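These are the residues of each chain, in order.
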Amino acid sequence: MVAGRISTGVPGLDIMLHGGLIPGRVYLVKGSPGTGKTTLAMHFAMAGVANGESVLYITLEEPAENIREDFGRMGFDVYHDEFTLIDATPTTEHYVLVEDFFETFAKNLNKLTESIKEQFRVKRYSRIVVDPITMLKLASKEEMDYRRAFLTFVKSMMRLRATVLITSELERTDIEEYLVSGVIEMKLLERDGKLMRAIKVTKFRGSGFDNVIRPYEITETGMVVHPDRTVP
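### Let's talk about empty space enclosed by the protein
Overall, the coordinates contain 2 cavities of 30 Å³ or more when judged by the stated rule. Estimated volume of the second largest cavity: approximately 30 Å³. In this structure, the second largest cavity is lined by Thr8, Leu13, Leu21, Leu40, Phe44, Leu165 and Ile184. The residue makeup of the lining of the second largest cavity, split by class, is 6 nonpolar, 1 polar and no charged.

As structure tokens, then:
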């Protein structure tokens, strides 16, 4: 690993990023459903845990029990003491069992920002995952309000000195791409009647990067990027 960089947890992607991510910044992973955004986010989280860091993972769509079950089966240490998984999905169960985590964390982007800052009063996290931010954008009534809220989110996360990975399923992520420090795009392509996965880095502020579209796979143990291959 290059000095001053942190691993994404995916060696091939680290190579594409010329050594990994620059810490203390916010990064966007975008792609359609099924591309493996959550898998990449989990690799990033577990790389932090393996490095002795405290990690905060906020899931806004997939229930926490599903995440623990699916990724536990793949060999990820999802019950580690330094891995805090907060389920902020809007399910009926939460309204009954947990003091409404959806309202606490995910009512809107400003609420999410304040809730993360509140978490930091209890514990210091060096990595944060928000997966996905899509629903918060869709829930925003005014685009200008969302733009202001997203700018506040980015500034707040940088003040916390956390490295943040957010995922999005939306193709149009103009304001997010403009404000974050890096953008990783994951795609499903059809080649000769078969689906192929392709990943590219479209922005990485403060560093050079591999701008070639590279193939990747989702295996039984996670994500594998092939930095020495090109997409046909």
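### With respect to the nonpolar core
Core analysis: the largest hydrophobic core is formed by 36 residues, its most contacted members being Leu13, Met42, Tyr57, Phe83 and Ile199. Among all residues touching Tyr57, those that are not within four sequence positions of it are Thr38, Ala41, Met42, Ala45, Ile67, Phe83, Thr84, Leu85, Ile86, Val129 and Asp131.

### Regarding the layout of surface pockets
As a volume, the largest pocket reaches approximately 310 Å³. Residue lining of the largest pocket: 18 residues in total, with Thr38, Thr39, Glu62, Phe71 and Asp131 positioned closest to the centre. Mapped onto the lining of the largest pocket, the elements with two or more residues apiece are α2 (37-50) and α3 (64-73). In terms of residue class, the lining of the largest pocket is built from 5 nonpolar, 7 polar and 6 charged.

### Quick look at α2
Over its 14 residues, α2 runs 20 Å from end to end, which matches the ideal 20 Å to within 8%, given 1.5 Å per residue. With 12 of 14 residues buried, α2 lies mostly within the body of the structure. What α2 keeps buried is the set Lys37, Thr39, Leu40, Ala41, Met42, His43, Phe44, Ala45, Met46, Ala47, Gly48 and Val49. In the stretch just after α2, Gly52 is the one whose phi turns positive, near 85°.

### Remarks on the packing of helix α6 (residues 109-120) against helix α8 (residues 143-159)
Pairs of packed helices are described in terms of their axes, by the angle between the two and the distance that separates them. Two numbers describe how α6 lies on α8: the axes approach to 9 Å, and their chain directions differ by 15°. As summarised for this structure, α6 and α8 are arranged roughly parallel, according to the angle between their axes. The two elements α6 and α8 cross, and the hand of that crossing is left-handed. Where α6 approaches α8, its residues Leu109, Asn110, Leu112, Thr113, Ile116 and Lys117 are matched on the opposing element by Tyr146, Ala149, Phe150, Thr152, Phe153, Ser156 and Met157. Among the residues making up the contact of α6 with α8, the classes are represented as 8 nonpolar, 4 polar and 1 charged.

### Some points on the packing of aromatic side chains
Tallied over the full model, the rule gives 6 aromatic pairs. On the basis of an interplanar angle of 80° and a centroid distance of 5.5 Å, the ring pair of Phe71 and Phe76 is categorised as edge-to-face. The residues Phe71 and Phe76 share a single accessibility class, namely buried. Ring geometry for Phe120 against Tyr125: centres 5.7 Å apart, planes inclined by 65°, an arrangement best described as edge-to-face. For Phe120, a relative accessible area of 14% puts it in the buried group. Judged by its relative accessible area of 3%, Tyr125 falls in the buried class. The rings of Tyr146, Phe150 and Phe153 are connected pair by pair, giving a single aromatic cluster.

### Quick look at the sheet that holds strand β2 (residues 55-59)
Strand order in the open sheet formed by 9 strands is β3-β2-β4-β5-β1-β6-β7-β8-β9, with mixed pairing between adjacent strands. Edge positions in the sheet fall to β3 (83-87) and β9 (222-225), since each of these pairs with one other strand and no more. Ignoring strand direction, the axes of neighbouring strands in this sheet form an average angle of 20°. Summarising the sheet, strand β8 (residues 214-219) and β9 pair through 4 bridges and their orientation is antiparallel. Bridge pairing in β9 links Thr219 to Gly222. Together, β2 and β3 form the strand contacts of α3, whose direction differs from that of β3 by roughly 140°.

Rules of the game
- Residues numbered from 1 in each chain as written.
- Predicted model: local features only at pLDDT ≥ 70, side-chain atom pairs only at ≥ 80, totals over all residues.
- Heavy atoms only, no water.
- 1 Å grid on protein atoms, 1.4 Å probe; cavity = no way out; pocket = protein on both sides within 12 Å on 5 of 7 lines; lining within 4 Å.
- Points joined across faces, edges and corners; volume = space filled by probe spheres on them.
- Nonpolar A, V, L, I, M, F, W, Y, C, P; charged D, E, K, R; others polar.
- Core = buried A, V, L, I, M, F, W, Y, C linked by side-chain atoms within 4.5 Å.
- Buried < 20%, exposed > 50% of the residue type's maximum accessible area, 1.4 Å probe, protein only.
- Contact = heavy atoms within 4.5 Å.
- Helix = DSSP H or I, 4+ residues; strand = E, 2+ residues; numbered from the N terminus.
- Expected span 1.5 Å × (residues − 1).
- Axes fitted to C-alpha atoms, helices over the stretch in contact; angles between N-to-C directions.
- Parallel < 35°, antiparallel > 145°, perpendicular 65-115°, else oblique.
- Left-handed = near helix turned anticlockwise from the far one by under 90°.
- Phe/Tyr/Trp six-rings, centres within 6.5 Å; stacked < 30°, edge-to-face > 60°.
- Pairing = 2+ DSSP bridges.

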